[in-house]
Amino acid sequence: MRAVTQERYGVPSEVLRLRDIPAPEVGAGEVLVRVAASPVSGTDWHLVLGLPYAARFVVGLRKPSNPVFGLEFAGTVTAVGAGVHDVQVGDEVFGWHGGTFAEYISVPAEQLTHKPRNLSAAHAAAVPIASFTALQAVRDLGKVTAGQEVLISGASGCVGTYAVQIAKALGARVTGICGADKADLVRSLGAERVVDHREQRLPDIGERFDVLVDIYGNPSLRECGAVLRPGGTLVFVGGTGGRLFMGTDRWLRGLIAAPFLRFDVRALVHEDRRDDLVTMREFIESGAVTPVVGQLYELDRVAEAIEDVRAGKVRGQAVVTI
Ligand SMILES: NC(=O)c1ccc[n+]([C@@H]2O[C@H](COP(=O)([O-])OP(=O)(O)OC[C@H]3O[C@@H](n4cnc5c(N)ncnc54)[C@H](OP(=O)(O)O)[C@@H]3O)[C@@H](O)[C@H]2O)c1
């Protein structure tokens, strides 16, 4: 089968290769899926480069521990292993597992479920990890409730487009921070107000919020404090800068300072959970959340997709169709 492989860390165009490799076999408790689509996210840039270095303890010290790239998928079940009863051959499913930029993948049954009825495979593939991250940041750490004012930094990205819609679905009033060219997109997802990160830093916004979901932008702790109400909550989700920790040292400083601040500080390390996949399917089937897929790519253009996402050229998510 065709698959996009990576034997070493480096720039996507230099290290990602489309190769023929043996198709996987289905084991007990597993489901063999013919992959229809797999998304590219902002995190893929970091994964290809193996940055921050601290992340290599998880993804492979000297080279990627899984040579096939890609983390999420939608597709069709072609075989089920012993003990699998939830899905059958022919079912359309979505889920997460390492090695999804490939024609087939064998996935533990607890890492997939039936895809939302109202989505194409390309849109369903874009759901799992970005939406888990947004859901856990907004619902679990931010504890967003109806009537709250929520500020989302990085609102136009893979995670941010879900965070805006989930906060809105929970009844909050949302302000999103993104580039001016994507302001219309973020408004269409439910944000009442949009702030251009090239024009304004957080203290320039001149308002206070109950929750700040900091997905992108690296604001300082002082800047975060300037937009949070007393008793408000800062949720760290992402960061940039520095090859060792890539902005997550900011999280550490925030967590250490937390007892002396007038707002709560929480940092998200998202978990991939089947329950959250089912919750997202419910949000999507009810119409409250719609994945934003900006551009489709073929399997031989994965490196280009990663570089386009990195350059901010894609509105929402880039998805590779297989
Ligand atoms: N904690 C976790 O468990 C977890 C899980 C997944 C991802 N993450 C992290 O979350 C972050 C975002 O991931 P993603 O996939 O959503 O990235 P992405 O798709 O590249 O989106 C980033 C967005 O941030 C916006 N942006 C750029 N500069 C900004 C600034 N100075 N201020 C505010 N917004 C700015 C960009 O908007 P414009 O293009 O409109 O300029 C872009 O849409 C990454 O750091 C990733 O590693 C964390």
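Residues numbered from 1 in each chain as written. Predicted model: local features only at pLDDT ≥ 70, side-chain atom pairs only at ≥ 80, totals over all residues.

**Brief notes about the overall build of the protein chain**
Per the secondary structure count, the protein chain includes 11 helices and 15 strands. For 322 residues, the compact-globule estimate of 2.2 N^0.38 gives 20 Å, and the C-alpha radius of gyration of the protein chain, at 19 Å, lies within 12% of that figure. The principal-axis extents of the C-alpha atoms in the protein chain amount to approximately 55 × 40 × 35 Å. Counting over 322 residues, the protein chain shows a buried share of 46%. (Helix = DSSP H or I, 4+ residues; strand = E, 2+ residues; numbered from the N terminus. Rg over C-alpha atoms; globule rule 2.2 N^0.38 Å. Buried ≥ 20, exposed ≤ 12 C-beta atoms within 10 Å, placed from the backbone.)

**Here we look at the sheet that holds strand β12 (residues 228–236)**
Across the sheet, which stays open at both edges, the six strands sit in the order β10-β9-β8-β11-β12-β13 with parallel pairing between neighbours. In the strand order of this sheet, the two ends are held by β10 (193–196) and β13 (264–267), each with one partner. For this sheet, the mean inter-axis angle between neighbouring strands, taken without regard to orientation, is 15°. Summarising the sheet, strand β9 (residues 173–178) and β10 pair through four bridges and their orientation is parallel. Its bridge partner lying in β10, Gly176 is registered against Val194. (Pairing = 2+ DSSP bridges. Axes fitted to C-alpha atoms, helices over the stretch in contact; angles between N-to-C directions.)

**Comments concerning unusual backbone geometry**
Trans peptide bonds make up most of the peptide bonds, and negative phi angles are found at most residues other than glycine. Residue Pro52 is reached from Leu51 by a cis peptide bond, and omega for that bond is -5°. Unusually for a residue other than glycine, Lys143 sits at a positive phi of about 45°. Residue placement: Lys143 occurs in the loop between α5 (128–141) and β8 (149–153). A tally of 15 C-beta atoms within 10 Å means that Lys143 is categorised as partly exposed.

**Let's talk about the nonpolar core**
Formed by 95 residues in total, the largest nonpolar core has its most connected members in Ile152, Ala163 and Val213. When residues of this core are sorted by domain, at least three fall in each of domain 1 (2–127 + 291–321) and domain 2 (130–267). Setting aside anything within four residues of it in sequence, one finds Ala163 in contact with Ala134, Ala137, Val138, Ile152, Val213 and Ile215. (Core = buried A, V, L, I, M, F, W, Y, C linked by C-beta atoms within 7 Å. Domains from an automatic or database assignment. Contact = placed C-beta atoms within 7 Å.)

**Thoughts on the site of the ligand**
In the vicinity of the ligand there are 28 residues, among which Gly42, Gly157, Gly179, Gly217 and Gly238 approach most closely. Residue assignment for the shell around the ligand shows that the elements contributing at least two residues are α2 (42–49), α6 (158–169) and β9. A per-class count over the shell around the ligand returns 10 nonpolar, 17 polar and one charged. Both domain 1 (2–127 + 291–321) and domain 2 (130–267) contribute no fewer than three residues apiece to the shell around the ligand. (Near = placed C-beta within 6 Å. Nonpolar A, V, L, I, M, F, W, Y, C, P; charged D, E, K, R; others polar.)

**Quick word on the environment of Pro219**
The residue Pro219 is located in the loop between β11 (209–214) and α8 (221–227) in this model. Judged by the 22 C-beta atoms lying within 10 Å of it, Pro219 is buried. Sequence separation of Pro219 and Gly247 is 28 residues, and the distance between their C-alpha atoms is 10.0 Å. If sequence neighbours within four positions are ignored, Pro219 has contacts with Ser153, Leu202, Asp214 and Cys224.

**Remarks on helix α11 (residues 302–310)**
The complete set of buried residues in α11 reads Val302, Ala303, Ala305, Ile306 and Val309. Buried residues along α11 cover an arc of 160° about the axis, so they all sit on one side. (Arc of directions from axis to C-beta.)

**Considerations on the domain arrangement of the protein chain**
Frequently, the measure chosen for interface size is the accessible area removed from exposure when the parts meet. For the protein chain, the assigned domains are domain 1 (2–127 + 291–321) and domain 2 (130–267). Taken over C-alpha atoms, the centre of domain 1 sits 27 Å from the centre of domain 2. Residue classes in the side of domain 1 that touches domain 2 are distributed as seven nonpolar, six polar and one charged.

**Overview of the packing of α5 against α6**
Two elements in contact, α5 and α6, have axes separated by 8 Å at closest approach and are oriented at 45°. Here α5 is positioned oblique relative to α6, judged by the angle of their axes. Here α5 and α6 pass one another in a crossing that is right-handed. On α6, the residues touching Ala130, Ser131, Thr133, Ala134, Leu135, Ala137, Val138 and Arg139 of α5 are Cys158, Val159, Tyr162, Ala163, Ile166 and Ala167. When the residues that make up the contact of α5 with α6 are grouped by side-chain class, the tally is 11 nonpolar, two polar and one charged. (Parallel < 35°, antiparallel > 145°, perpendicular 65-115°, else oblique. Left-handed = near helix turned anticlockwise from the far one by under 90°.)

**Section: the environment of Val293**
Within the secondary structure, Val293 is located in strand β14 (residues 293–298). A tally of 22 C-beta atoms within 10 Å means that Val293 is categorised as buried. Those residues within four positions of Val293 in sequence are excluded, and the remaining contacts are Ala122, His123, Ala126, Gly316, Gln317 and Val319.

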